[in-house]
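# Architecture and fold: a report
Residue strings, one per chain:
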Amino acid sequence: MRDPRSKKSLALLSGMLMSPLALAIQGQASDDTTAATENQSLEEVTVVGTQIKGAQINDALAVSVINAEDIETLGVDSGDELLALIPENGQNYFNEAENISGGVNSARGDIGAFNLRNLGTGNTLVLLNGRRVVNSAAYQTEEVGGSFVPVTTVNSNILPTAGLQRVEVLRDGASAIYGADAVAGVVNSVLKSDFDGFSVSVKHSEFDNFERDTQKLSIEWGETFNEGRTNVSAFFSHYQRDRIAASEDPRWADADLRERIPENSPWFDDTAFRNNSANSLYPQLDMPSGSIDGITDSRGELETYPVGDERCEYAINQYVCGAVDGQGTERYNLNEFRDVSSELERSNLFVFLNHDLGNGMESFSEFGLYRSATTMSRHPTASFSTSELLFPAENPYNPFGEDFILDNYRFAELPRIVENDGDNFRLLQGLRGDLGDWEWETAVLWNRDEKTDVTRNRVSNTLMQEALNDTTEAAYNPLSGGVDSNIERALIDVRRDSESELKSFDVKFSNNGLFSLPAGPVAALAGFEIREESFVDDRDDRLDGTIQFTDQDGDTYPFVSDVVNSSPTPDNSGERTVTSLFGELQVPVFDNFDMQLALRHEDFSDFGDATVGKVAFGYRPVEQLLLRGSWSEAFRAPNLVTINEEIIARNSSTTDWACVYAAENGGDPDQDVLDCSYSIQRIAQGSDELEAEQSTNTSLGLVFTPLDSLTVTVDYWSIEKEDTIGLFGEENHTLLDLYYRLQNGTANCGSVGNTAVSRGEVDPDEAGYYEAAGICAAGSIDSVNDRYANLDTRTLAGYDVGIYYDLYTDIGEFGLKYNGSFTTKFEQDAGGDAAVLVQAQQNGDIPVNYPVAGFADLIGKNGNQEERHSVQLNWRYDQFGASLSGFRIGDFYQDSLTLEDGTRYVIPSMTTYDATVDYRFDYAGASNRVRFGVKNLTDERAPLADRYFGYFSDAHSDYGRYYYLSLKSSF
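Residues numbered from 1 in each chain as written. Predicted model: local features only at pLDDT ≥ 70, side-chain atom pairs only at ≥ 80, totals over all residues. Heavy atoms only, no water.

### Describing the overall build of the protein chain
The helix and strand inventory of the protein chain stands at 12 helices and 43 strands. Relative to the globule expectation of 30 Å for 971 residues, the C-alpha radius of gyration of the protein chain, 31 Å, shows essentially globular dimensions. With the C-alpha coordinates of the protein chain rotated into their principal frame, the extents come out at 100 × 70 × 55 Å. Counting across all 971 residues of the protein chain, residues that qualify as buried make up 58%. Taking all contacts inside the protein chain whose residues are at least 6 apart in sequence as the whole, residues at least 24 apart take part in 73%. Only carbon and sulfur atoms are counted for the fraction: they give 50% of the accessible area of the protein chain, which is about 37,800 Å². (Helix = DSSP H or I, 4+ residues; strand = E, 2+ residues; numbered from the N terminus. Rg over C-alpha atoms; globule rule 2.2 N^0.38 Å. Buried < 20%, exposed > 50% of the residue type's maximum accessible area, 1.4 Å probe, protein only. Contact = heavy atoms within 4.5 Å. Areas by Shrake-Rupley, 256 points an atom, 1.4 Å probe, with all protein chains shown as cover.)

Quick look at the structure:
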């Protein structure tokens, strides 16, 4: 659907680009008086805040710059490590220690996400040398609204660290400059070009707490020839590391974390921390009908245990014993085989070719190659409760002579092995030159990302049922305790092949002196861009319905897959073409007051268009003080998955709120008869009715330079994003179903309720409880149909602080850099049907203690820290150097652990320190530097959380202290 304002906005854009009068009126700020007094990190010639070359507006833009020396001093080896040390960046939801539950649906392997301001993955635009980077081929889901929606990100680890000149972080909305997705800001990595020389560096790391070691090789080479007209530069790095198994550390080795909770804690012995599993090699067996005296209970259920267990009541074989149901299940330690971090090899290569064509023209070419391979172990799988496997009487290992359903069973003979390969290719060919007073630049870009994910030792439902049905000794034996069970005949490899591609063409014209005003020359830029984006997600034949499984209840694809413990997922693909027209202006209004103004219109082939603008200013009332601010509009396009995704079915334990209301108000408060929390299937699919998420960004700050060597910056910012794309959510749908039933009463029950909630037949034994509560009786929910929609409004606000100080003494040069990011507001307000539920609660139409999921104050919740800090102190004297760095993440609470009285489980803040010493010397014709570094100097470990390995890995690292030694030689 097209924005009704688009024609008016497009006319304004055309006028801005073509009319000299519009250029004068709608000028863009340019501050040209502060370069000499800013701190060195702010003196960098940045390009991320504007596309006008040589623009003087940069001082008036909230940009953080991390140069190559800073990155080397920090001792990071990859993009995700670097992002974790940037205070303005939030949680990395694409990390290995946290993607366990998603299985093959997670983005696995060597991948990290961009998430400025914690606004969510996909709200940060990523550039390389000022142009877009393709999104990772792998995507996964994040909770937005009441359920989980697909999100995409550029893989932070494809960005090369060798040859990196600086990383620029624009902490402001920039859709008017660069287009879609620059809502929370922009991260631009700038590589060295026209490099001359040769350097090589090697680095080796060892860990205190683990056997892991890592190695990294980096090479930089460049040469200018052809009488100075041609330069070729190449940058290469190779990194490898060992895996880390959970079994290597007692903090992680047991999934049951209760022993780590202090006795004086309200959560002492809380089963929420008992993260081992009720599904093990010792199943519960359930008869479809009937019972066996002394073997099962009256419902035909029995438990099995390892021989020698005190709960045993009778022998089954030499490995397994049995007891009637009710003795508790044998629990399985999920961390027995899990890796916290994978084995990894990663290579990055980037090549520049710059050539002076004469006549004021220059050709520039880029070639980038990234390649990675990871291997890691995961826990064995267990069947969904909705996909039952039958252990028939005819199986030779069934001693009871009756059919049984396998329940609480895990195929734990072997761990899953996940192998993930990633490739990224980038080609760019550009030309630039002069045309009179105008500078022009044009480029063609092709960028492709590929991921191959293979999981070994998965189990096929079809092959396993065949193995259970076998009447020979080759049958599968679920009562073997994992010994000679014949599991091999049902093992399969599950594959996911993904591709993402970006093609673009752009042309830009700029003039730094279009005409002059009394305060100085007006600079302008006009440009056009067209880009094509596409993705392909090819799922395994056993997941996409090519090979189908039908369970005992007749359920089949698209609601059941042939892979144990994996929901069915169809193949998916999509593409779009985006055309853009954009312009920028920089106008000196007064000698000490400059303005920037930008406008951009983008038209999308698959959903509509958007037009956004930006105004920024810089005002210097006195030489030592710069006041700066901006107002901008930004937008995030619906990603290709949310538009094109076919029906996706996912199983989850969900609360049926109509059932809860009937139990509490109809005579069954303890739910002795009614079962109101059970496995429900959520069915979701893409929507071509989605519109862009629109945001308004504002900032106001100052740059204070009381001394030539001291700079202090403070910037207040806010983001209000409307129409955030999400899912209403399963439990919200069941709550809306209750609301309609309460409004209806007990009349006309044939069509009452939420049509998105599909229910089975009403159980006559349960109907009376509903009627006693005053609502129409309801059967159990089979599925909830959801659809991606523009739902809610997210509002964030906060401030950033920077302090930069250089001191020159007789004992050396000292440098201090401090950055702090503080979030003071993070709210998610309901829209659509969610707003109906919120209003119904306020009116007393539904109970106030029934939660409307996903719409609340999010500050401090589940990793949304209120504050993050980084500080770096450097010293250099002649050939010697040293540094001390600190990084602090503020506390937050884990919402799932909130007690009934409202007491929150607070995960305390975490502070780590890094230190380096180095020595520089000349030897064998080379300039050399040897550096020894210690990461996490005090061996700080992550605070306890109710997660897979006992820490909140989206925000924290738990590897403890490690050391590295590096040698760099330059010729």
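### Section: the environment of Lys508
As for its position among the elements, Lys508 is in strand β23 (residues 491–517). When the C-alpha positions of Lys508 and Phe94 are compared, they lie 35 Å apart, and in sequence the two are 414 residues distant. Sequence-distant contacts of Lys508, defined by excluding residues within four places in its chain, comprise Gln51, Arg131, Glu439, Trp440, Glu441, Leu525, Ala526, Gly527 and Phe582. A distance of 3.1 Å separates the side chain of Lys508 from the side chain of Gln51, its partner in a polar contact. (Polar contact = N/O pair within 3.5 Å; in protein donor to acceptor, adjacent residues only side chain to side chain.)

### Some points on the nonpolar core
Within the largest apolar cluster, 36 residues are counted, with the highest numbers of intra-cluster contacts made by Ile71, Leu82, Phe114 and Val167. Of all the secondary-structure elements, those providing two or more residues to this core are α3 (68–74), α4 (79–84), β2 (124–128), β6 (164–170), β7 (185–191), β17 (343–358) and β32 (710–726). It is β6 that contributes the most residues to this core, 3 residues altogether. With residues near it in sequence (within four places) discarded, Phe114 still touches Leu83, Asn89, Thr121, Gly122, Thr124, Val126, Thr153, Val154, Asn155, Ser156, Leu159 and Val187. (Core = buried A, V, L, I, M, F, W, Y, C linked by side-chain atoms within 4.5 Å.)

### Looking at the sheet that holds strand β33 (residues 757–759)
On the basis of which strands lie adjacent, the open sheet formed by 4 strands has the order β29-β30-β34-β33 and mixed pairing. Since the sheet does not close on itself, it has two edges, and those belong to β29 (648–655) and β33, each with one partner. Mean inter-strand twist for the sheet, computed between neighbouring axes without regard to direction, equals 25 degrees. Contacts from helix α10 (residues 730–744) reach β29, β30 (677–685), β33 and β34 (781–787), with the element oriented near 105 degrees to β34. (Pairing = 2+ DSSP bridges. Axes fitted to C-alpha atoms, helices over the stretch in contact; angles between N-to-C directions.)

### Considering the state of the cysteines
Taken as a whole and judged by the stated rule, the model has 3 disulfides. Disulfide partner of Cys312: Cys321, at an S-S distance of 1.8 Å. Residues Cys312 and Cys321 share a disulfide whose torsion about the S-S bond is about -50 degrees; that sign makes it left-handed. For Cys321, a relative accessible area of 4% translates into the label buried. In this model, Cys659 is linked to Cys676 through a disulfide, with the two sulfur atoms separated by 2.1 Å. Its S-S torsion of about -70 degrees marks the bond between Cys659 and Cys676 as left-handed, since a negative value means left-handed. Highlighted residues: Cys659 in helix α9 (residues 657–666) and Cys676 in the loop between α9 and β30, separated in sequence by 17 residues. Exposure class is identical for Cys659 and Cys676. Each is buried. Cysteine pairing for the protein chain, with bonded cysteines counted in sequence order: 1-2, 3-4, 5-6. (Disulfide = S-S within 2.5 Å.)

### A few points about the pattern of salt bridges
Within this structure, the stated rule accounts for 64 salt bridges. Its salt-bridge partner being Asp172, residue Lys614 comes within 3.8 Å of it at the nearest N-O pair. On the criterion of sequence distance, the pair formed by Lys614 in strand β27 (residues 608–622) and Asp172 in the loop between β6 and α5 (175–178) is long-range, its members being 442 residues apart. Residue classification places Asp172 among the buried positions, given a relative accessible area of 6%. When the shortest N-O distance is used, the salt bridge between Arg432 and Glu362 registers 3.3 Å. In this pair, Arg432 sits in strand β21 (residues 416–435) while Glu362 sits in strand β18 (residues 361–378), placing the two residues 70 residues apart along the sequence. (Salt bridge = Lys/Arg side-chain N within 4 Å of Asp/Glu carboxyl O.)

### Thoughts on the sheet that holds strand β12 (residues 284–286)
Strand order in the open sheet formed by 6 strands is β14-β15-β13-β12-β20-β19, and the pairing between neighbours is antiparallel. Looking along the sheet, the strands with just one partner apiece sit at the ends: β14 (314–315) and β19 (389–391). Sheet strands in contact with helix α7 (residues 461–469) are β19 and β20 (404–407), and its direction is about 10 degrees off that of β19.

### Points about the packing of α9 against α10
α10 packs onto α9 with a crossing angle of 55 degrees between their chain directions and a minimal axis gap of 7 Å. In terms of orientation, α9 lies oblique with respect to α10. Here α9 contributes Trp657, Ala658 and Tyr661 to the contact with α10, which in turn contributes Glu731, Thr734, Leu735, Asp737, Leu738, Arg741 and Leu742. Each residue belonging to the contact of α9 with α10 can be placed in one class, and the counts come to 6 nonpolar, 1 polar and 3 charged. (Parallel < 35°, antiparallel > 145°, perpendicular 65-115°, else oblique. Nonpolar A, V, L, I, M, F, W, Y, C, P; charged D, E, K, R; others polar.)

### Here we look at the pairing of strand β36 (residues 812–829)
The pairing of strand β35 (residues 789–809) with β36 spans 17 bridges and is antiparallel. Bridge pairing links Gly798 to Thr823 in β36. Joining the antiparallel neighbours β35 and β36 is a turn of 2 residues. As paired elements, β36 and strand β37 (residues 867–877) share 10 bridges and run antiparallel to each other. When the sheet's bridge partners are listed, Phe814 is paired in β37 with Trp875.

### Concerning α9
Residues spaced three or four apart along an α-helix face the same direction, because each turn holds 3.6 residues. α9 sits mainly inside the fold: 8 of its 10 residues count as buried. By the burial criterion, the buried members of α9 are Trp657, Ala658, Cys659, Val660, Tyr661, Ala662, Ala663 and Gly666. Buried residues along α9 sit against β29, α10, β33 and α11 (764–772). Measuring from the side-chain oxygen of the N-cap residue of α9 to the backbone nitrogen of Ala658 gives 3.3 Å; that N-cap residue is Asp656. Looking at the residues trailing α9, positive phi occurs at Gly667, about 105 degrees.

### Considerations on a negative patch on the surface
Side chains of Glu206, Glu211, Asp242, Glu248, Glu343 and Glu345 sit close together on the surface and give a patch of like negative charge. With respect to the helices and strands, Glu211 occurs in the loop between β8 (197–207) and β9 (213–225). (Patch = residues over 30% accessible without salt bridge, like charges linked within 9 Å, V, L, I, M, F, W, Y side chains within 5 Å. Lys, Arg positive; Asp, Glu negative; His and termini not counted. Charge placed at Lys NZ, Arg CZ, Asp CG, Glu CD.)

### With respect to unusual backbone geometry
A cis amide bond links Tyr557 with the next residue in sequence, Pro558, at an omega value of 15 degrees. Relative to the assigned elements, Pro558 resides in the loop between β24 (520–539) and β25 (572–590). Phi angles above zero are rare outside glycine, and Gln671 is one such case at about 55 degrees. A relative accessible area of 31% places Gln671 in the partly exposed class.

### Description of the side chain of Asn874
Looking at where Asn874 falls in the secondary structure, it is placed in strand β37. Here the side chain of Asn874 touches Gln872 through a polar contact of 3.2 Å, side chain to side chain. Setting aside residues no more than four positions away along its own chain, Asn874 makes contact with Thr73, Glu813, Phe814, Gly815, Ala882 and Ser883.

### Digging into the packing of α10 against helix α12 (residues 833–842)
Two elements in contact, α10 and α12, have axes separated by 10 Å at closest approach and are oriented at 55 degrees. Classified by the angle between their axes, α10 and α12 sit oblique to one another. Regarding α10 and α12, the two cross each other, and that crossing is left-handed. Each of Asn732, Leu735, Leu736 and Tyr739 in α10 lies in contact with α12, whose residues at this interface are Asp833, Val836, Leu837 and Ala840. Of the residues in the contact of α10 with α12, the class split is 6 nonpolar, 1 polar and 1 charged. (Left-handed = near helix turned anticlockwise from the far one by under 90°.)

### A few points about the environment of Arg495
Within the fold, Arg495 resides in strand β23. Taking the C-alpha atoms as reference, Arg495 lies 41 Å from Tyr913; in sequence the two are 418 residues apart. Ignoring sequence-local partners within four residues, the contact set of Arg495 consists of Thr452, Asp453, Val454, Asp538, Arg539 and Asp540.

### Section: the packing of aromatic side chains
With the rule as written, the count across this model stands at 30 aromatic pairs. Aromatic side chains Tyr409 and Phe411 sit 5.1 Å apart centroid to centroid with 85 degrees between the ring planes, which places their arrangement in the edge-to-face category. Using a relative accessible area of 5% as the deciding quantity, one classes Tyr409 as buried. The side chain of Arg212 reaches across the aromatic face of Phe207, ending 5.6 Å from its centre. Residue placement shows Arg212 over the ring face of Tyr959; its charged tip is 5.8 Å from the ring centre. (Phe/Tyr/Trp six-rings, centres within 6.5 Å; stacked < 30°, edge-to-face > 60°. Lys NZ or Arg CZ within 6 Å of the ring centre and 35° of its normal.)

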